[in-house]
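Summary of structural features
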Protein chains: 2
Amino acid sequence: MSARREAVRQALSGYSGFRSAQDLYTDLRAEGSKIGLTTVYRALQALSDSGEVDVLRTDDGEAVYRACDTESHHHHIVCRVCATAVEIEGPTVEKWAAEMGAKHGFSGVTHTVEVFGTCADCS
Amino acid sequence: MSARREAVRQALSGYSGFRSAQDLYTDLRAEGSKIGLTTVYRALQALSDSGEVDVLRTDDGEAVYRACDTESHHHHIVCRVCATAVEIEGPTVEKWAAEMGAKHGFSGVTHTVEVFGTCADCS
DNA sequence: TCATATTTTGACAACCGTTTTCGTTTTCGT
DNA sequence: ACGAAAACGAAAACGGTTGTCAAAATATGA
Ligand SMILES: [Zn+2]
Ligand SMILES: [Zn+2]
Ligand SMILES: [Zn+2]
Ligand SMILES: [Zn+2]
């Protein structure tokens, strides 16, 4: 883990919501870091490959990242206004997805589930 | 509904899976149509705005479209190999998402759910 | 320590899907 | 048939992301 990658991880950990690569780049530069945008992308790629951060796509196709508390399988409920996110578990959903796969003859079933809403603070 | 838009809808209806704008453009040109790529994008935008087609983002951020049988809320199980998709309903999931929202004080809760796997034909 | 091999970095250009622009063509109501 | 309004397509612009490559940092080992 290089110093720059650690800096990116740290910057991401400071937020409870999902952030884009460019957001993080702006944050780091604002703090005085001389990091390059390319390096931020590379760090996020590595962190997501290793499962340390979660990635998802916004409606307009931008990748956003989050340093979650757990590395085990989970989902999120994300605020549409402030982008803060809460980690949630859904045994119900896990089972449902598996059942659906089996029912339709699909193997190697995975799923993506995200919940959106407006959080209490933003209401 | 203009003729070009109708052509895009028709082209999309010919497939059971999700297709990208560029895929459809290639299909239509291959059939001899003189349609432009811009028009394909515009038609898909209109169709998705009106709820006639579903849109989702692939892992690499590309938008893909599908002409579903029903316009009411539903989800899909998508084959990772041939991209064919089956429409599925999940009362269980609907309830779970709503409960999660309420539990964490979120309002106006929506959700995205997609299931992926390898279909029977591709196994 | 010093020299050398390896990895990481960042400026910049390239890439690719998508949107905007704008002049032309088609459609539609009268 | 006429003019207004909408749709169209080619090309340029856009924005996020990835590739390139030379310089800088770091690790290795004599
Ligand atoms: Zn997470
Ligand atoms: Zn799950
Ligand atoms: Zn559908
Ligand atoms: Zn649902």
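I will try to describe carefully the structure that is included in this document. (Residues numbered from 1 in each chain as written. Chains lettered and ligands numbered in written order. Predicted model: local features only at pLDDT ≥ 70, side-chain atom pairs only at ≥ 80, totals over all residues. Heavy atoms only, no water.)

All names here are of chain A. Within the first shell, the zinc ion (ligand 2) binds the protein through H73 (NE2), H75 (NE2), E94 (OE), E94 (OE) and H111 (NE2), at distances of 1.9 to 2.6 Å. We note that the donor set of the zinc ion (ligand 2) lies within a single chain, spaced as H-x1-H-x18-E-x16-H. Using a relative accessible area of 44% as the deciding quantity, one classes H73 as partly exposed. (Donors = N, O, S within 2.8 Å, 3.2 Å for Na, K, Ca; no water. Buried < 20%, exposed > 50% of the residue type's maximum accessible area, 1.4 Å probe, protein only.)

Before going further, it helps to examine the relation of the copies chain B and chain A. Of the transformation placing chain B onto chain A, the axial shift is 0.0 Å and the rotation is 180°, giving an RMSD of 0.1 Å. What the rotation and shift describe, once combined, is the action of a two-fold rotation axis. In this assembly the copies share their binding face: 100% of the residues contributing to the interface of chain B also contribute to that of chain A. (Least-squares fit on C-alpha atoms with pLDDT ≥ 70 in both. Contact = heavy atoms within 4.5 Å.)

Another aspect to go through is the protein's contact with DNA strand D. Surrounding DNA strand D, one finds 13 residues, the nearest of these being Y41 and A63 of chain A together with R4, T39 and R42 of chain B. Each atom of DNA strand D within 4 Å of the protein was classed as base or backbone; sugar and phosphate made up 63%. One of the side-chain N or O atoms of Q22 of chain A is found 3.5 Å from a sugar or linking oxygen in DNA strand D. The separation between a phosphate oxygen of DNA strand D and a polar side-chain atom of Y41 of chain A is 2.6 Å. Secondary structure elements with two or more residues in the surface near DNA strand D: α3 (37-49) of chain A together with α3 (37-49) of chain B. Here the surface near DNA strand D gets 3 residues from one element, more than from any other, and that element is α3 of chain B. Of the residues assigned to the surface near DNA strand D, the class counts are 3 nonpolar, 6 polar and 4 charged. (Near = heavy atom within 4 Å. Polar contact = N/O pair within 3.5 Å; in protein donor to acceptor, adjacent residues only side chain to side chain. Helix = DSSP H or I, 4+ residues; strand = E, 2+ residues; numbered from the N terminus. Nonpolar A, V, L, I, M, F, W, Y, C, P; charged D, E, K, R; others polar.)

Let us look at the coordination of the zinc ion (ligand 4). Residue and element names in this part refer to chain B. Of the protein atoms, only H73 (NE2), H75 (NE2), E94 (OE), E94 (OE) and H111 (NE2) coordinate the zinc ion (ligand 4), at distances of 1.9 to 2.6 Å. Sequence positions of the residues that donate to the zinc ion (ligand 4) give the spacing H-x1-H-x18-E-x16-H. Of this pair, H73 sits in the loop between β3 (63-66) and β4 (75-79) while H111 sits in strand β6 (residues 107-118), placing them 38 residues apart in sequence.

Attention now goes to the sheet that holds strand β4 (residues 75-79) of chain A. Pairing in this open sheet of 6 strands is mixed, and the strands run β5(A)-β4(A)-β6(A)-β6(B)-β4(B)-β5(B) from one edge to the other. Each edge of the open sheet is held by one strand with a lone partner, namely β5 (85-88) of chain A together with β5 (85-88) of chain B. The average undirected angle you get between the axes of adjacent strands in this sheet is 20°. Pairing geometry for β4 of chain A and strand β6 (residues 107-118) of chain A, over 4 bridges, is parallel. Bridged to C79 of chain A within β6 of chain A is G117 of chain A. Strand contacts of helix α4 (residues 91-103) of chain A: β4 and β6 of chain A together with β4, β5 and β6 of chain B, with the helix running at about 135° to β6 of chain A, the strand carrying the most contacts. (Pairing = 2+ DSSP bridges. Axes fitted to C-alpha atoms, helices over the stretch in contact; angles between N-to-C directions.)

This next bit is on the sheet that holds β3 of chain B. Residue and element names in this part refer to chain B. Strands sit in the order β1-β3-β2 across an open sheet of 3 strands; the sheet is antiparallel. The open sheet has two free edges, formed respectively by β1 (19-20) and β2 (54-57), since each of these has just one partner strand. As paired strands, β1 and β3 are joined by 2 bridges and run antiparallel to one another. Residue pairing across strands places R19 opposite Y65, the latter belonging to β3.

It is worth spelling out the interface of chain B and chain A at this point. Across the boundary between the two partners, chain B contributes 37 residues, which contact 37 residues of chain A. Of the roughly 2,900 Å² buried between chain B and chain A on both sides combined, carbon and sulfur atoms contribute 64%. Among the residues of chain B in contact with chain A, R57, W96 and F106 of chain B are the three that bury the most area, contributing 23% of the side total. At the boundary of chain B with chain A, the tally comes to 0 salt bridges. Across the chain B-chain A interface, the total number found is 16 residue pairs in polar contact (both at pLDDT 80 or more). Within the residue set of the side of chain B that touches chain A, elements represented by two or more residues are β4, β5, α4 (91-103) and β6 of chain B. With 12 residues, the single largest contributor to the side of chain B that touches chain A is β6 of chain B. (Buried area = accessible area lost by both parts, 1.4 Å probe. Salt bridge = Lys/Arg side-chain N within 4 Å of Asp/Glu carboxyl O.)

The immediate surroundings of DNA strand C are formed by 14 residues, with S2, R4, T39 and R42 of chain A together with Y41 of chain B found nearest. Sugar and phosphate atoms form 61% of the subset of DNA strand C atoms that lie within 4 Å of the protein. Side-chain polar atom of T38 of chain A to a base nitrogen of DNA strand C: 3.3 Å apart, as the coordinates give it. Partitioning the surface near DNA strand C into residue classes produces 3 nonpolar, 6 polar and 5 charged.

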